[in-house]
Amino acid sequence: MIYFDNAATSWPKPPQVAEAMMHFLRDVGANPGRSAHRTAVESGRIVYAAREAVCELVNAPDPLRVAFTANVTVALNMALWGLLRPGDHVITSSMEHNSVMRPLRALERKGVELTVVRCSPEGFLNPADVQAAIRPNTRMIVLNHASNVAGTILPVREVGHIAHAHNLLLLVDAAQTAGAYPIDVQADGIDLLAFTGHKSLLGPMGTGGLVLGPRVDVSRMEPLIRGGTGSRSEREEQPDFLPDMLESGTPNAVGIAGLEAGIRWVLERGVEAIRAHEMALAQRAIDGLRAIPGVTVYGPLDAARQTATVSFNIAGMEPSEAGLRLDEEHGILCRVGLHCAPAAHKTLGTFPVGTVRFGMGVFNTADEVDAAVAAVEALAREARR
Amino acid sequence: MSETYSVILVHSTSHAIRAEKVLRAAGIPCKMIPVPRHISSDCGVCVRVGRADVDAARRALEAAGLEIEDIRDI
Ligand SMILES: Cc1ncc(COP(=O)(O)O)c(C=O)c1O
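Residues numbered from 1 in each chain as written. Chains lettered and ligands numbered in written order. Predicted model: local features only at pLDDT ≥ 70, side-chain atom pairs only at ≥ 80, totals over all residues. Heavy atoms only, no water.

Visitor: Before we move on, can you summarise the sheet that holds strand S3 (residues 89-93) of chain A with the specific residues and values?
Guide: Residue and element names in this part refer to chain A. The 7 strands are arranged S2-S8-S7-S6-S5-S3-S4 in an open sheet whose pairing can be described as mixed. Every other strand in the sheet has two partners, leaving strand S2 (66-69) and strand S4 (113-117) as the edge strands with one partner each. If you compare each strand with its neighbour and ignore which way they point, the axes differ by 20° on average. Direction of pairing for strand S6 (residues 169-173) relative to strand S7 (residues 192-196): parallel, over a ladder of 3 bridges. (Pairing = 2+ DSSP bridges. Helix = DSSP H or I, 4+ residues; strand = E, 2+ residues; numbered from the N terminus. Axes fitted to C-alpha atoms, helices over the stretch in contact; angles between N-to-C directions.)

Listed below in structure tokens is the structure:
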């Protein structure tokens, strides 16, 4: 079996991830930040260690400005609904996932102005187009760090400079890059970094978070959810400090324990080394697939400008059929269709049919890429008959 | 002579863990303990330091940008 669905969720995980979760369930177990006994404090320390790991990975200065959430979707909603008000203008790209696009469309109905800057057919965003879209009431720029459809990397740092020059907040959806591509929130000018734990951070599902930079004034932020935090229990108002303000309800501490182990594994291996490995896989897949008659590969076609996610189609074969046959006849597990990002597919010219997507990860090998390319070649040959 | 202590109250358990790390890094002995009932009805933890170290602790925490809610002798 070849697992090529890492862009949806990474698998396998380093053994340390399951071990950390087992340790938590078997030996710790208590509610972090609620009680003061020894295992509750230990549980709090485990969650805190994960905040530190996130900070180390993305060069964020303050572990207390990391709020954990169930996934990047919650983190993105938290930032968008928390900071945008009717009358504000927000700029985004045409390569966004629905976890950005749907909340933005809903906010638009509530009076937030939205500009979707069009990207090139490879998914590239021209920073000058973002600059040109800025209005007097622009408050935020939201950017997908890398496309989950074609892997295209967006120019976050350049847009970060533009955002700061105009005193705007930059919110980045790092679902596809955290753990797979270097992120430095300070050098990149990222004010709000939303991440998910179950992809390249190699953690379990049900983990993610929002890293808030110093330019985000939380006194102007509305929490999405209010409730018990273990702090300020004498008061009926939500705490106004981070991370508690954004972390109501018992967190997924067992998941966060696994997330910390995943991030530690990434840090030990090194993001640069992971990136180099994945770039080699991506270029091998791109070159192999492009050489097949009848196969169209989308996106940059250049591993240096994309992640290890490669989307393609086979002439004469629906993506759904290709996906089924890759699974049943070749043991290759990938995702087909629209990948929750209709705007990105319209940009790439693959709407409404979608694509076949190979999402490669740190545990994949060149041999697996070669086997997958050979399988696509066999399907393409049949489709040509 | 038995030592006398003060407790440093911070916003939450996360803040207490951070405070403990800052104090340890500054070489100030400290221990995380439940907030004594007579000080606050909150269910959280606080950081206990020797009374002689209170000023140094306050300086270290402030330098780290950590907000202190209160410091009380116990
Ligand atoms: C770019 C992008 N944003 C958001 C998401 C949503 O991630 P999650 O389901 O973990 O919230 C994904 C993955 O599905 C993604 O690739």
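Visitor: Provide a residue-level description of the side chain of His339 of chain A, including the pertinent values.
Guide: The residue His339 of chain A is located in the loop between strand S12 (335-337) and helix H11 (342-348) in this model. Taking the relative accessible area as the measure of exposure, His339 of chain A reaches 0% and is therefore buried. (Buried < 20%, exposed > 50% of the residue type's maximum accessible area, 1.4 Å probe, protein only.)

Visitor: So what's going on with the site of the ligand? Which residues, and what values?
Guide: All names here are of chain A. Inspection of the region around the ligand gives 13 residues, with Thr73, Asp173, Gln176, Thr196 and Lys199 positioned closest. In the environment of the ligand, an oxygen atom lies 3.4 Å from a nitrogen or oxygen atom belonging to the side chain of Asn71. At a separation of 3.5 Å, an oxygen atom of the ligand approaches a polar backbone atom of Val72. Within the shell around the ligand, the residues separate by chemical class into 2 nonpolar, 9 polar and 2 charged. (Near = heavy atom within 4 Å. Polar contact = N/O pair within 3.5 Å; in protein donor to acceptor, adjacent residues only side chain to side chain. Nonpolar A, V, L, I, M, F, W, Y, C, P; charged D, E, K, R; others polar.)

Visitor: Got a sec to walk through the packing of aromatic side chains? Specific residues and values, please.
Guide: Tallied over the full model, the rule gives 4 aromatic pairs over all chains. On the basis of an interplanar angle of 75° and a centroid distance of 4.9 Å, the ring pair of Phe312 of chain A and Phe358 of chain A is categorised as edge-to-face. Remark: Phe358 of chain A occurs in strand S13 (residues 355-359) and Phe312 of chain A occurs in strand S10 (residues 309-314); sequence separation between them is 46 residues. The exposure class of Phe358 of chain A is buried, given its relative accessible area of 1%. Every member of this aromatic cluster is reached through a ring pair, and the members are Phe4, Phe312 and Phe358 of chain A. Across the ring face of Phe124 of chain A, the terminal group of Arg305 of chain A is positioned such that the distance to the ring centre comes to 3.9 Å. Over the ring of Tyr5 of chain B we find Arg48 of chain B; its NZ or CZ atom is 3.9 Å from the centre of that ring. (Phe/Tyr/Trp six-rings, centres within 6.5 Å; stacked < 30°, edge-to-face > 60°. Lys NZ or Arg CZ within 6 Å of the ring centre and 35° of its normal.)

Visitor: Now, about the interface of chain B and chain A: what can you tell me, with residues and values included?
Guide: Counting from both sides, the interface comprises 18 residues of chain B and, opposite them, 22 residues of chain A. Counting across the interface, chain B meets chain A through 4 salt bridges. Between Arg18 of chain B and Asp62 of chain A there is a salt bridge, with the nearest N and O atoms lying 3.6 Å from each other. Counting the contacts that link chain B with chain A gives 6 residue pairs in polar contact (both at pLDDT 80 or more). Mapped onto the side of chain B that touches chain A, the elements with two or more residues apiece are helix H1 (13-25) and strand S2 (30-34) of chain B. In terms of residues, the side of chain B that touches chain A owes the most to one element, H1 of chain B, which gives 7 residues. (Contact = heavy atoms within 4.5 Å. Salt bridge = Lys/Arg side-chain N within 4 Å of Asp/Glu carboxyl O.)

Visitor: Requested: an account of the pattern of salt bridges, with residues and values cited.
Guide: Residues and elements named next belong to chain B. Following the criterion strictly, the structure yields 22 salt bridges over all chains and no others. Residues Glu20 and Arg24 are paired through a salt bridge, measuring 3.5 Å at the closest nitrogen-oxygen approach. Taken together, the positions of Glu20 and Arg24, both in helix H1 and 4 residues apart, correspond to about one turn of that helix. Assessed through its relative accessible area of 3%, Glu20 is described here as buried. Residues Arg51 and Asp73 are paired through a salt bridge, measuring 3.6 Å at the closest nitrogen-oxygen approach. Within this pair, whereas Arg51 is found in the loop between strand S3 (45-50) and helix H2 (54-63), its partner Asp73 is found in strand S4 (residues 70-73), the two being separated by 22 residues in sequence. Its relative accessible area of 34% is what places Arg51 among the partly exposed residues. A relative accessible area of 48% means that Asp73 is categorised as partly exposed.

Visitor: Describe the domain arrangement of chain A, naming the residues involved and giving the relevant values.
Guide: Residues and elements named next belong to chain A. As assigned here, chain A comprises domain 1 (2-9 + 271-384) and domain 2 (15-269). Measuring from the centre of the C-alpha atoms in domain 1 to the corresponding centre in domain 2 gives 28 Å. Contact residues are listed per partner, giving 32 residues for domain 1 and 35 residues for domain 2. Of the roughly 2700 Å² buried where domain 1 meets domain 2, counting both sides, 61% is carbon and sulfur surface. For the pair domain 1 and domain 2, the interface holds 0 salt bridges. (Domains from an automatic or database assignment. Buried area = accessible area lost by both parts, 1.4 Å probe.)

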